Amino acid sequence: MAKTDGPTVIKKYANRRLYNTGTSTYVTLEDLAEMVKRGEEFEVEDAKTSNDLTHSVLTQIIFDLENKNGETMLPIPFLRQLIGLYGDQMQTLVPSFLEQSMASFTKDQQLMREEMAELFTQNPIEVLKSGQVVKLVESQVRRNMDMFQQAMRMMSPFGLPVSAPEPQDATETKPAEDRTELSELRDQISLMQRKLDKLG
């Protein structure tokens, strides 16, 4: 495979075909998804105008993956909240918050993988019932909330403190609207548990 300095340029033609200039071959969206998973940097540009199409192509990859075999990763409440933020004054904060959150999650995912693997060496049904998986996820959510608060403080005028929702234990009483994320996570865990019960 040919090697170039910097990201590989992928040219998109009017017929929607994608051409990898690094390997001099035509590629598909699935090929680009595999490149992302391997950590290979690339930029997509219009073959005629040289306009940057990277964002729209990556979005298309996510759309295709979300519709593949019904194995979705983006929960409906998250999608609703994200759509609701378009045009909102908080919209400018969302990209950096999501980027930092995913960077934090990626950094911690190996530790989470090890902890999850250790948990599931036990009886999976008992693990789900014990709530240990939820605690792991809540811990990640709590770290993300801390990061969000720090970002808000940095962006607030004159360094004034900005209030943000404080993470709380699942056992504490909270208004329903503040528990949307955790409720969705619990729903997903319950779904996993039902599937395991059927297998059992």
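Thresholds applied
Residues numbered from 1 in each chain as written. Predicted model: local features only at pLDDT ≥ 70, side-chain atom pairs only at ≥ 80, totals over all residues. Heavy atoms only, no water. Helix = DSSP H or I, 4+ residues; strand = E, 2+ residues; numbered from the N terminus. Buried < 20%, exposed > 50% of the residue type's maximum accessible area, 1.4 Å probe, protein only. Contact = heavy atoms within 4.5 Å. Areas by Shrake-Rupley, 256 points an atom, 1.4 Å probe, with all protein chains shown as cover. pLDDT = per-residue confidence, 0-100. Salt bridge = Lys/Arg side-chain N within 4 Å of Asp/Glu carboxyl O. Core = buried A, V, L, I, M, F, W, Y, C linked by side-chain atoms within 4.5 Å.

Peer 1: Outline the overall build of the protein, listing residues and values.
Peer 2: Of regular secondary structure, the protein possesses 7 helices and 4 strands. Starting at the N terminus, the α and β elements of the protein follow one another as β-β-β-α-β-α-α-α-α-α-α. For the protein, the residues scored as buried account for 24% of the 200 residues in total. Long-range pairs, those at least 24 residues apart, make up 46% of the contacts in the protein between residues at least 6 apart in sequence. Within the structure as shown, the protein displays about 14,700 Å² of accessible surface, and the carbon and sulfur contribution to it stands at 56%.

Peer 1: Can you break down the confidence of the model for the protein residue by residue, with the values?
Peer 2: When pLDDT is averaged across the protein, the result is 76; 61% of the residues are at 70 or more. Low pLDDT, under 50, characterises residues 157–174; the predicted model gives this stretch 20 contacts beyond four residues in sequence or across chains.

Peer 1: Can you tell me about the pattern of salt bridges, naming the residues and giving the values?
Peer 2: Summed over the entire model, instances satisfying the criterion amount to 3 salt bridges. A salt bridge links Arg38 to Glu40; its shortest N-O distance comes to 2.6 Å.

Peer 1: For the nonpolar core, give the residues involved together with the corresponding values.
Peer 2: Ile10, Leu18, Val27, Leu32, Ala33, Met35, Phe42, Val44, Leu53, Val57 and Ile61 together form the largest nonpolar core, which totals 11 residues. Only helix H1 (29–37), strand E4 (42–46) and helix H2 (54–66) provide two or more residues apiece to this core. Here the element with the most residues in this core is H1; it accounts for 3 residues.

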